[in-house]
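This is what each chain is made of:
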Amino acid sequence: DAGVTQSPTHLIKTRGQQVTLRCSPKSGHDTVSWYQQALGQGPQFIFQYYEEEERQRGNFPDRFSGHQFPNYSSELNVNALLLGDSALYLCASSFLGAAEAFFGQGTRLTVV
Amino acid sequence: GENVEQHPSTLSVQEGDSAVIKCTYSDSASNYFPWYKQELGKRPQLIIDIRSNVGEKKDQRIAVTLNKTAKHFSLHITETQPEDSAVYFCAASINLSGTYKYIFGTGTRLKVLA
C-alpha cells in the first residue's frame, strides 16, 4: 500500500512564475490538506479539500489555489511566485472525520 | 487567533536520559493533539496522539500528557536513544464538520548524545 506521494520532489522557479504541485493520497483516503513548511518552522495550514471542494482555508493569499480530482488526488497551484514562497510543501491525507493525517515526503520549492 | 507555542526549540540529552517537550495552545475548542517526528529530509511521522477526553497516553518509551484547563500538553521520551534525534512538532486540531486542520508548534530539535 503506497502512502501519500507527492511530485515533484524538488523544483526551482523564478519570481513571477507559476507552479503546480501534485499529491496522491494514501489508498482509501478522501481528504487532502496542504501545508507550507518554511525552513526551521512548523508546517502552516494552507487549505483542505474533500469531495473536490475547498473545505477549510488558512491565512494564505489567493495566489494559492488548489484542486481535488474525482480520484481524490490533489494539486496545489501558486501564481506570481515570490522569494518568500520558497519552502517545503507538504500534503497530508486522511479519512473525512478521522483526526489522524499522514504526510507525504513533500516538494521542496525554491524561488530564485 | 489560533496559536501553538512549543518549548524548548533545541534540547540535548545524554543517551538513556529522558526528554520532555512542552506545548501550549490557544483555542480551547482544540480536541486532538498529535506529535510528529521529522528526520532531516523526511516526511513528518505521527508518533503519538491524544484526544481531549484523555489525560495521558503511553506507547512504550513515549508518553503524552494533556492538561485541558491549562491548555498544555507535553511529550515525554524515556530511555532516549541516538535514533530519537530528530525535530519534533506538536499540533492542536479542531473538528469542524468532520474535517481537521492542524496548528503546529515551531518544533524542537532533539539531540541524543551517545
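Shown above is the structure to which this text applies.
Note that the coordinates shown come from a computational prediction; the quantities given were computed from them, not determined experimentally.

Participant: Describe the sheet that holds strand β6 (residues 56-59) of chain B, and please don't skip the residues or the numbers.
Facilitator: Residues and elements named next belong to chain B. With antiparallel pairing, five strands are arranged side by side in an open sheet as β1-β3-β8-β7-β6. Here the strands that pair on one side only, and so sit at the sheet edges, are β1 (4-7) and β6. On average, each strand axis in the sheet is inclined to that of its neighbour by 15°, with strand direction left out of account. Examined bridge by bridge, β6 and strand β7 (residues 62-67) share four bridges and lie antiparallel to one another. Each residue of the ladder has a partner; that of Asp-59, found in β7, is Ile-62.

Participant: Pulling in residues and values, what's your account of the interface of chain A and chain B?
Facilitator: Facing 24 residues of chain A, the contacting portion of chain B comprises 19 residues. Surface buried jointly by chain A and chain B totals about 1,800 Å² across both partners, of which 52% is contributed by carbon and sulfur atoms. Per-residue buried area on chain A facing chain B is highest for A:Gln56, A:Ala99 and A:Phe103; these three make up 30% of the total on that side. In this assembly, chain A and chain B are joined by one salt bridge. Its salt-bridge partner being B:Arg51, residue A:Glu100 comes within 3.0 Å of it at the nearest N-O pair. Counting across the chain A and chain B interface gives twelve residue pairs in polar contact (both at pLDDT 80 or more). Among the secondary structure elements, those contributing two or more residues to the side of chain A that touches chain B are β4 (31-37), β5 (44-50), β6 (53-57) and β9 (87-94) of chain A. Its residues assigned to classes, the side of chain A that touches chain B comprises eleven nonpolar, ten polar and three charged.

Participant: An account of empty space enclosed by the protein is requested, with residue identities and associated values reported.
Facilitator: Under the defined criterion, the tally for this structure stands at two cavities of 30 Å³ or more. Taken as a whole, the largest cavity holds about 100 Å³ of empty space. Around the largest cavity, the lining comprises 17 residues; the ones closest to its centre are A:Ser33, A:Gln48, A:Ser94, A:Ala101 and B:Tyr100. Where the lining of the largest cavity is concerned, the elements lending two or more residues are β4 and β9 of chain A together with β10 (99-104) of chain B. Classifying every residue of the lining of the largest cavity gives nine nonpolar, eight polar and no charged. If you add up the space inside the second largest cavity, you get close to 80 Å³. Lining of the second largest cavity is provided by B:Glu2, B:Asn3, B:Val4, B:Tyr25, B:Ser26, B:Asp27, B:Ser30, B:Ala92, B:Ser93, B:Ile94, B:Lys101 and B:Ile103. Those elements that place two or more of their residues in the lining of the second largest cavity are β9 (86-96) and β10 of chain B.

Conventions adopted
Residues numbered from 1 in each chain as written. Chains lettered and ligands numbered in written order. Predicted model: local features only at pLDDT ≥ 70, side-chain atom pairs only at ≥ 80, totals over all residues. Heavy atoms only, no water. Pairing = 2+ DSSP bridges. Helix = DSSP H or I, 4+ residues; strand = E, 2+ residues; numbered from the N terminus. Axes fitted to C-alpha atoms, helices over the stretch in contact; angles between N-to-C directions. Contact = heavy atoms within 4.5 Å. Buried area = accessible area lost by both parts, 1.4 Å probe. Salt bridge = Lys/Arg side-chain N within 4 Å of Asp/Glu carboxyl O. Polar contact = N/O pair within 3.5 Å; in protein donor to acceptor, adjacent residues only side chain to side chain. Nonpolar A, V, L, I, M, F, W, Y, C, P; charged D, E, K, R; others polar. 1 Å grid on protein atoms, 1.4 Å probe; cavity = no way out; pocket = protein on both sides within 12 Å on 5 of 7 lines; lining within 4 Å. Points joined across faces, edges and corners; volume = space filled by probe spheres on them.

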